[in-house]
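In case you want the letters, here they are:
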Amino acid sequence: MTIGIGVLATGDEGRKTEIIPDHAILISDTMGSFGDEYSHPRLHKRFDLPDEGLFIVAADQIDKAAEVVPMIKAVVAAVPPQERSYGRLLASVGNACFMYKADRFKMEIMPKHRIPPDSFSPFDGPKELNDLLGAEWQKFELEFQLLIAAFDRLGQAHLIFVDGREGTAQGRTLPGFCAIGSGAGNAMFWLAHRGHTLGMKPLRALYHAYEAKVMADDAPNVNEHVDILVARADASWSFSSHFNEEEVKALVSEIPTVSLGMMFEKFGPRSTDELDTIKAELIKLSAFRKSAGQQ
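Cut-offs and rules
Residues numbered from 1 in each chain as written. Predicted model: local features only at pLDDT ≥ 70, side-chain atom pairs only at ≥ 80, totals over all residues. Heavy atoms only, no water. Salt bridge = Lys/Arg side-chain N within 4 Å of Asp/Glu carboxyl O. Helix = DSSP H or I, 4+ residues; strand = E, 2+ residues; numbered from the N terminus. Buried < 20%, exposed > 50% of the residue type's maximum accessible area, 1.4 Å probe, protein only. Expected span 1.5 Å × (residues − 1). Pairing = 2+ DSSP bridges. Axes fitted to C-alpha atoms, helices over the stretch in contact; angles between N-to-C directions. Contact = heavy atoms within 4.5 Å. Phe/Tyr/Trp six-rings, centres within 6.5 Å; stacked < 30°, edge-to-face > 60°. Core = buried A, V, L, I, M, F, W, Y, C linked by side-chain atoms within 4.5 Å.

Draft legend 1. Representation of the pattern of salt bridges in the model. Tallied over the full model, the rule gives 10 salt bridges. A salt bridge links R104 to E108, with the nearest nitrogen and oxygen atoms 2.9 Å apart. You can see R104 and its partner E108 sitting in helix 2 (residues 86-108), 4 residues apart, about one turn around the helix. We classify R104 as buried; its relative accessible area is 2%. Judged by relative accessible area, which is 31%, E108 ranks as partly exposed.

Below you can see the structure in the form of structure tokens.
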């Protein structure tokens, strides 16, 4: 189990005519599970696919989540960039997850009924067997969750949640935040308490997500380490508390930052309205460094 948090935000470019969220922020811890009973505290659970405009955080069985990510990448990559609407992105993620569930079902369930994985078609088999496999399909779970930050052809940011029980892709662009993993309840409560909206500026959104991560630290199987991603359609910046001090300095040498920990001590449960009035952005997008692949 774990915690994964995603929030949307709107920078200055997204405010020119109307509120169009153009930033996505993902925060996760580094405690993760794999196999049936194993976990360790240095398991980074984010997958960055900048060429497809996708950034993914996984929860629960990370090894199985890692298997579906290349399928999602392939399906989205097949959609021409100029046609990547929110609807096409949502459908592509859903199709990839369905294909993955079907493949795993063939490999794990059908052999139990003495059926070779590639030899059975529900249209050709007897009704009794088809009904049996249909019931098995309804019970079959993916055993992981995904939280996906996706950018459409216009550069608008969206959130997509993949339900590990049903294997379905669900939109979470509204209200502009979502959380997964064992700490999700704590994080969602705090983001709702803050009244987070996708029209808030990146600095405020990042702080709200950080607060939610701190609230989730008390949940089972969530550790204190943090991986952070701030992304726009054309750039991304990432940070991990597992890096040593020299690596952190090298990573952020060109990027003005503030201490989220100090902000937490200052604001606590107080209002964060003033963060939207600060003229200086937390991160200068021109100084963003491209990040690719998993951390």
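Draft legend 2. Representation of helix 5 (residues 202-216) within the structure. Its 15 residues give helix 5 an end-to-end C-alpha distance of 21 Å, which sits within 8% of 21 Å, the value for a rise of 1.5 Å per residue. Here helix 5 lies mainly inside the structure; 13 of its 15 residues are buried.

Draft legend 3. Examining the sheet that holds strand 10 (residues 177-181) more closely. Spatially, 5 strands are ordered 10-1-2-11-12 in an open sheet, and the strand pairing comes out antiparallel. Each having just a single partner strand, strand 10 and strand 12 (235-240) make up the two edges of the open sheet. For this sheet, the mean inter-axis angle between neighbouring strands, taken without regard to orientation, is 10 degrees. Where strand 1 (residues 3-9) and strand 10 come together, 5 bridges link them in antiparallel fashion. Counted as the bridge partner of G6 is C178 from strand 10. The sheet strands contacting helix 4 (residues 184-194) are strand 1 and strand 10, and the helix crosses strand 10 at an angle near 165 degrees.

Draft legend 4. Region of interest: the packing of aromatic side chains. Applying the stated criterion to the full structure yields 5 aromatic pairs. When the ring of Y100 is compared with that of F144, the centres are 6.0 Å apart and the planes differ by 50 degrees; the resulting orientation is tilted. Of this pair, Y100 sits in helix 2 while F144 sits in strand 7 (residues 144-151), and the two are 44 residues apart along the sequence. Owing to a relative accessible area of 4%, Y100 belongs among the buried residues under this scheme.

Draft legend 5. Looking closely at the nonpolar core. Formed by 28 residues in total, the largest nonpolar core has its most connected members in I3, I5, V7, I25, I27, L206 and I228. Secondary-structure elements contributing two or more residues to this core are strand 1, strand 2 (23-28), strand 10, helix 4, helix 5, strand 11 (227-232) and strand 12. Per element, the largest residue contribution to this core is 8 residues, and it comes from helix 5. Filtering out sequence-adjacent residues up to four positions away, I27 remains in contact with I3, G4, I5, L206, A209, Y210, K213, V226, D227 and I228. Within the second largest apolar cluster, 26 residues are counted, among which are L43, V69, L89 and F144.

Draft legend 6. The arrangement of the pairing of strand 5 (residues 46-49) in detail. Burial along strand 5 is two-sided: the residues R46 and D48 and F47 and L49 are all buried. In this sheet, strand 6 (residues 54-60) lies alongside strand 5 in antiparallel orientation, the contact comprising 4 bridges. The residue of strand 6 that forms the bridge with F47 is I56. Hairpin connection of strand 5 to strand 6: 4 residues between the antiparallel strands, including G53 at a positive phi of 70 degrees.

Draft legend 7. Up close: the sheet that holds strand 5. If you walk across this open sheet you meet the 5 strands as 5-6-7-8-9, and the pairing is antiparallel. A single partner strand is all that each edge strand has here, and the edge strands are strand 5 and strand 9 (169-171). Adjacent strand axes in the sheet meet at a mean angle of 20 degrees, parallel and antiparallel pairs treated alike. On the sheet, helix 2 packs against strand 7, strand 8 (157-162) and strand 9 and is oriented at approximately 25 degrees with respect to strand 8.

Draft legend 8. A look at helix 2. Taking 1.5 Å of rise per residue, the 23 residues of helix 2 would be expected to cover 33 Å, and the 33 Å separating its terminal C-alpha atoms lies within 8% of that figure. Where helix 2 is buried, its residues meet helix 1 (62-77), helix 3 (127-139), strand 7, strand 8 and strand 9.

In short, shape yes, function no, at least from these values alone.
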